[in-house]
Amino acid sequence: MNTKIKLLNLELDNPIIPASGTYGFGYEFVKFYDINILGSISLKGTTIESRYGNPLPRIAECKAGMINAVGLQNPGIDAVLNEEIPKLSEVYHKWVIANVAGSTIEDYLECAKKFDACDKIGILEINVSCPNVKHGGLAFGQDETMLYELITKLKAVTTKSLFIKLSPNVSDIVSIAKTCEKAGADGLVLINTLLGMRIDLKTRKPIIHNKMGGFSGPAIKPVALRMVFQVYQATNLPIIGCGGIENASDVIEMMLAGASAVQVGSANLVDPYACQKIINDLPILMQELGINNLSDIIGGACDE
Amino acid sequence: MLIQSKVEKIKVISNKEVAKDIYQMSFAASLHAVPGQFINIKVKDCYLRRPISIANIEEDHFEIIYKVVGEGTKILSNYQSNDILDILLPLGNGYTLVENKKVLVCGGGIGIPPLLELIKQLKKYNNEVIFLIGLNDINENIYQDYHPIICTMNKSEYFNGNVIDYLKANHLDYNYVYACGPMPMLNALQKYVTCEGQISIEERMGCGFGACVGCTCKTKHGYKRICLDGPVFEIKELDLDEY
Ligand SMILES: Cc1cc2nc3c(=O)[nH]c(=O)nc-3n(C[C@H](O)[C@H](O)[C@H](O)COP(=O)(O)OP(=O)(O)OC[C@H]3O[C@@H](n4cnc5c(N)ncnc54)[C@H](O)[C@@H]3O)c2cc1C
Ligand SMILES: Cc1cc2nc3c(=O)[nH]c(=O)nc-3n(C[C@H](O)[C@H](O)[C@H](O)COP(=O)(O)O)c2cc1C
Ligand code: FES
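How each quantity is defined
- Residues numbered from 1 in each chain as written.
- Chains lettered and ligands numbered in written order.
- Predicted model: local features only at pLDDT ≥ 70, side-chain atom pairs only at ≥ 80, totals over all residues.
- Heavy atoms only, no water.
- Helix = DSSP H or I, 4+ residues; strand = E, 2+ residues; numbered from the N terminus.
- Rg over C-alpha atoms; globule rule 2.2 N^0.38 Å.
- Areas by Shrake-Rupley, 256 points an atom, 1.4 Å probe, with all protein chains shown as cover.
- Lys, Arg positive; Asp, Glu negative; His and termini not counted.
- Charge placed at Lys NZ, Arg CZ, Asp CG, Glu CD.
- Near = heavy atom within 4 Å.
- Polar contact = N/O pair within 3.5 Å; in protein donor to acceptor, adjacent residues only side chain to side chain.
- Nonpolar A, V, L, I, M, F, W, Y, C, P; charged D, E, K, R; others polar.
- Domains from an automatic or database assignment.
- Core = buried A, V, L, I, M, F, W, Y, C linked by side-chain atoms within 4.5 Å.
- Buried < 20%, exposed > 50% of the residue type's maximum accessible area, 1.4 Å probe, protein only.
- Contact = heavy atoms within 4.5 Å.
- Buried area = accessible area lost by both parts, 1.4 Å probe.
- Salt bridge = Lys/Arg side-chain N within 4 Å of Asp/Glu carboxyl O.
- 1 Å grid on protein atoms, 1.4 Å probe; cavity = no way out; pocket = protein on both sides within 12 Å on 5 of 7 lines; lining within 4 Å.
- Sits in = over half its atoms within 2 Å of the grid points.
- pLDDT = per-residue confidence, 0-100.
- Phe/Tyr/Trp six-rings, centres within 6.5 Å; stacked < 30°, edge-to-face > 60°.
- Lys NZ or Arg CZ within 6 Å of the ring centre and 35° of its normal.
- Axes fitted to C-alpha atoms, helices over the stretch in contact; angles between N-to-C directions.
- Parallel < 35°, antiparallel > 145°, perpendicular 65-115°, else oblique.
- Left-handed = near helix turned anticlockwise from the far one by under 90°.

What to know about the overall build of chain B
Phase 1 of the analysis: Across its full length, chain B carries four helices and 16 strands.
Phase 2 of the analysis: Here chain B has a C-alpha radius of gyration of 17 Å; the compact-globule value for 243 residues is 18 Å, and the two agree.
Phase 3 of the analysis: Over its C-alpha atoms, taken along the principal directions, chain B stretches across nearly 50 × 45 × 35 Å.
Phase 4 of the analysis: Taken as a whole, chain B presents about 11000 Å² of accessible surface, with 46% of it coming from carbon and sulfur.
Phase 5 of the analysis: Charged side chains in chain B number 25 positive and 29 negative. The centres of these two groups are separated by 3 Å.

Observations regarding the site of ligand 1
Phase 1 of the analysis: Taken together, 20 residues are adjacent to ligand 1, and Arg50(B), Pro51(B), Gly72(B), Thr73(B) and Arg204(B) come closest.
Phase 2 of the analysis: Per-site note: the chains with residues close to ligand 1 are chains A and B.
Phase 3 of the analysis: Residue Pro51(B) places a main-chain N or O atom 2.6 Å away from an oxygen atom belonging to ligand 1.
Phase 4 of the analysis: The protein chains hide 86% of the 830 Å² of surface that ligand 1 would expose on its own.
Phase 5 of the analysis: With four residues, strand β4 (residues 50-53) of chain B is the largest single contributor of residues to the shell around ligand 1.
Phase 6 of the analysis: Residue composition of the shell around ligand 1, grouped by class: nine nonpolar, four polar and seven charged.
Phase 7 of the analysis: Viewed by domain, the shell around ligand 1 spans two of them, domain 1 (6-91) and domain 2 (102-242) of chain B, each represented by three or more residues.

So, the nonpolar core
Phase 1 of the analysis: Among the nonpolar cores identified, the biggest contains 137 residues, and Phe115(A), Ile126(A), Ile164(A) and Leu166(A) are the most heavily contacted of them.
Phase 2 of the analysis: Each of two domains, domain 1 (6-91) and domain 2 (102-242) of chain B, supplies a minimum of three residues to this core.
Phase 3 of the analysis: Sequence-distant contacts of Ile164(A), that is, excluding residues within four places in its chain, are made with Ile126(A), Val128(A), Leu147(A), Ile151(A), Cys180(A), Ala185(A), Gly187(A), Leu188(A) and Val189(A).
Phase 4 of the analysis: Grouped together as the second largest cluster of nonpolar side chains are 25 residues, Leu31(B), Ile52(B), Val68(B) and Ile75(B) included.

Thoughts on the domain arrangement of chain B
All names here are of chain B.
Phase 1 of the analysis: Taken domain by domain, chain B comprises domain 1 (6-91) and domain 2 (102-242).
Phase 2 of the analysis: Relative to domain 2, the C-alpha centre of domain 1 lies at a distance of 21 Å.
Phase 3 of the analysis: Contact with domain 1, which involves 20 residues of that partner, is made by 19 residues of domain 2.
Phase 4 of the analysis: When the buried area of domain 1 at its contact with domain 2 is split by residue, Pro35, Phe38 and Ile65 rank highest and sum to 28% of it.
Phase 5 of the analysis: On inspection of domain 1 and its partner domain 2, the count reaches two salt bridges.
Phase 6 of the analysis: Our count for the domain 1 to domain 2 interface comes out at seven residue pairs in polar contact (both at pLDDT 80 or more).
Phase 7 of the analysis: Put simply, the parts of the chain that give the side of domain 1 that touches domain 2 at least two residues each are β1 (6-19), β3 (38-42), β4, β5 (56-57), β6 (62-67) and β7 (84-91).

Side note on the site of ligand 2
Phase 1 of the analysis: Around ligand 2, a shell composed of 23 residues is seen, among which Ser20(A), Lys165(A), Gly217(A), Gly244(A) and Ser266(A) lie nearest.
Phase 2 of the analysis: Positioned at a junction of chains, ligand 2 has nearby residues supplied by chains A and B.
Phase 3 of the analysis: Ser20(A) is positioned such that a nitrogen or oxygen atom in its backbone is 2.8 Å from an oxygen atom of ligand 2.
Phase 4 of the analysis: Interatomic distance of 2.9 Å between a side-chain N/O atom of Asn99(A) and an oxygen atom of ligand 2.
Phase 5 of the analysis: With the chains in place, 98% of the 600 Å² that ligand 2 exposes on its own is no longer accessible.
Phase 6 of the analysis: Here ligand 2 is seated within the largest cavity.
Phase 7 of the analysis: Tallied by class, the residues present in the shell around ligand 2 amount to six nonpolar, 15 polar and two charged.

A closer look at the interface of chain B and chain A
As a measure of interface size, the accessible area lost when the parts come together is often cited.
Phase 1 of the analysis: At the junction of the two partners, chain B supplies 33 residues and chain A supplies 37 residues.
Phase 2 of the analysis: Between chain B and chain A, the buried area comes to about 2700 Å², and carbon and sulfur atoms account for 58% of it.
Phase 3 of the analysis: The largest contributions to the chain B side of the interface with chain A come from Tyr47(B), Arg204(B) and Phe209(B), which together make up 28% of the buried area.
Phase 4 of the analysis: At the boundary of chain B with chain A, the tally comes to three salt bridges.
Phase 5 of the analysis: With its nearest N and O atoms 2.8 Å apart, the salt bridge here joins Glu28(A) to Arg225(B).
Phase 6 of the analysis: Connecting chain B to chain A are twelve residue pairs in polar contact (both at pLDDT 80 or more).
Phase 7 of the analysis: Those elements that provide at least two residues to the side of chain B that touches chain A are β1, β14 (216-219) and β15 (222-225) of chain B.
Phase 8 of the analysis: The greatest single-element share of the side of chain B that touches chain A, amounting to three residues, is contributed by β14(B).
Phase 9 of the analysis: Of the residues belonging to the side of chain B that touches chain A, the class tally is 18 nonpolar, six polar and nine charged.

A short note on the confidence of the model for chain B
Phase 1 of the analysis: Confidence along chain B averages 95 in pLDDT terms, with 98% of residues attaining 70 or more.
Phase 2 of the analysis: At the level of chain-chain contacts, confidence expressed as ipTM amounts to 0.94, with global pTM at 0.96.

Quick notes on the packing of aromatic side chains
Phase 1 of the analysis: This model, assessed by the stated rule, comprises twelve aromatic pairs over all chains.
Phase 2 of the analysis: Aromatic side chains Tyr23(A) and Phe29(A) sit 3.9 Å apart centroid to centroid with 10° between the ring planes, which places their arrangement in the stacked category.
Phase 3 of the analysis: Judged by its relative accessible area of 0%, Phe29(A) is buried.
Phase 4 of the analysis: Three or more aromatic residues link up through ring pairs in this structure, and these residues are Tyr23(A), Phe29(A), Phe32(A), Tyr273(A) and Phe209(B).
Phase 5 of the analysis: A cation over an aromatic ring shows up here: Arg58(A) above the ring of Tyr52(A), its NZ or CZ 4.9 Å from the ring centre.
Phase 6 of the analysis: In this structure, Lys218(B) packs its charged tip against the face of Tyr52(A), placed 4.5 Å from the ring centre.

Here we look at the packing of helix α1 (residues 77-91) of chain A against helix α2 (residues 105-116) of chain A
Residue and element names in this part refer to chain A.
Phase 1 of the analysis: Their axes nearest at 10 Å, the elements α1 and α2 cross at an angle of 25°. One finds that α1 runs roughly parallel with respect to α2. Note on packing geometry: the crossing formed by α1 with α2 is right-handed. For the pair formed by α1 and α2, the contact residues are Ile77, Asp78, Val80, Leu81 and Ile85 on the first element and Cys111, Lys114 and Phe115 on the second.

Here it is, written out as structure tokens:
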């Protein structure tokens, strides 16, 4: 069974990548298993300055999922480059994905420039879809003019592959994906969290301090599948599918919809061994389904 | 703390209601953990795990004490002996044990259980322990074996008031404090006591092992994850007015 896949010119041993924000800077998981089995790792969203994020509580539970309003807590790009990535490099020997966020175009550019010089990074994942910050973030992912400007400017400052991580909180995902392609993006990550909320019946107030937050987990898988399916047929960009992936079947399903690789998010929080289990189960399931080369099934569910 | 957290399938020995809506649950496993650490339990039909403190550690089993307050704890209360639960443990830093001190151990409501293992351990290190607890409902007093001073309302045989009222009204002799309980109690205690000590706090958690930063609080020593760097903090380390 061959689980190898390619994202542009980058090779991955398998398509399994922990999603940004659910795997810290990777090394927290070394206590559970050898993380070198992973295809790659998407690091916690990074901004120019160090951020605390939003006030507590910033986690709520829902049926088949969760809501978070962490709000891009991170130590800032300099600490990520000088402390977190070196610490991760000691225990993880493959290239990683840096997740970039910001409030202004200048923020994104400055981050991208700094990450550009780091050899450990294979892909820059541009987060224009965080629902948990007041400025920027999602605003870029919903405004095609701004998004176009951001991507063209980013292309000019980095040689790394640029994957744009899009928000599902839009009315026309295909149009936004096409804008990314036109602007010169190298690939897409679909999807970030859906905007959601929960209310505490005893206090009669939202559970999350910020009132709303990002909804993730198995409940959002159908939305992610649908968006990957639509975008795969409308653009030529490689897609990393993300949203509700919990097991090997979910991976196959996401790849049939058009994903070249997948990201596993919330599942890591509930079961720290989630990615390990998926990687172990994948060849077994491929055999059952008669799949020899995993990359052959990409987009298999789409007509053409 | 060198003890590694891991997920284990653990057998329930018993799960009995010891007061209204309060359950004591015993697990068949020899656990290497320190008082103040917690476990994160996967409960059927709930997406996130439920964090519960370790209340008692014996050679071949350990116990938790929890209150049914919502869906997850309700389902947890239905498990029976021989059922197998998927548990991530042990988690958090736990209390650091002092030696040869006069210790005030102060608890409120469902914050009391982790203090039981703590008291057991403190006694091994030659500490004198005063155990002071506040209960809204005196029927929740399942702690007689630990000889607590009880503060409650409208019951003539006990102190009438909360633990802070008790401390103000009585001159207790102590030079170290440990506490766990509702935030208003911890906040008042932090402002009242002058000696050093440690408190344990609760927060809604995504993972319980440091991956999601869903539980990060601000401390005098920078940002800390309650699940990994806590739940135990130095008593003066947190600005409890923020919560
Ligand atoms: C470190 C730690 C130790 C704890 N130790 C104990 C203990 O020994 N005994 C005990 O009875 N309780 C303890 N709690 C509180 C216990 O975790 C909650 O009462 C429980 O999670 C409620 O779950 P539920 O499904 O019944 O409630 P629901 O309100 O239905 O839960 C919904 C979500 O909110 C979370 N949640 C709700 N209340 C709390 C809370 N107070 N703290 C953290 N998360 C919460 C749940 O985990 C779940 O994700 C502890 C909490 C923490 C963080
Ligand atoms: C606690 C938490 C933190 C997250 N932080 C980030 C982040 O910093 N940057 C980002 O692009 N996405 C972030 N996400 C979104 C995930 O990467 C992922 O897109 C989303 O959770 C959907 O996947 P899932 O259903 O597998 O969780 C976060 C998600 C969670 C649950
Ligand atoms: S709950 Fe995830 S870091 Fe604390």
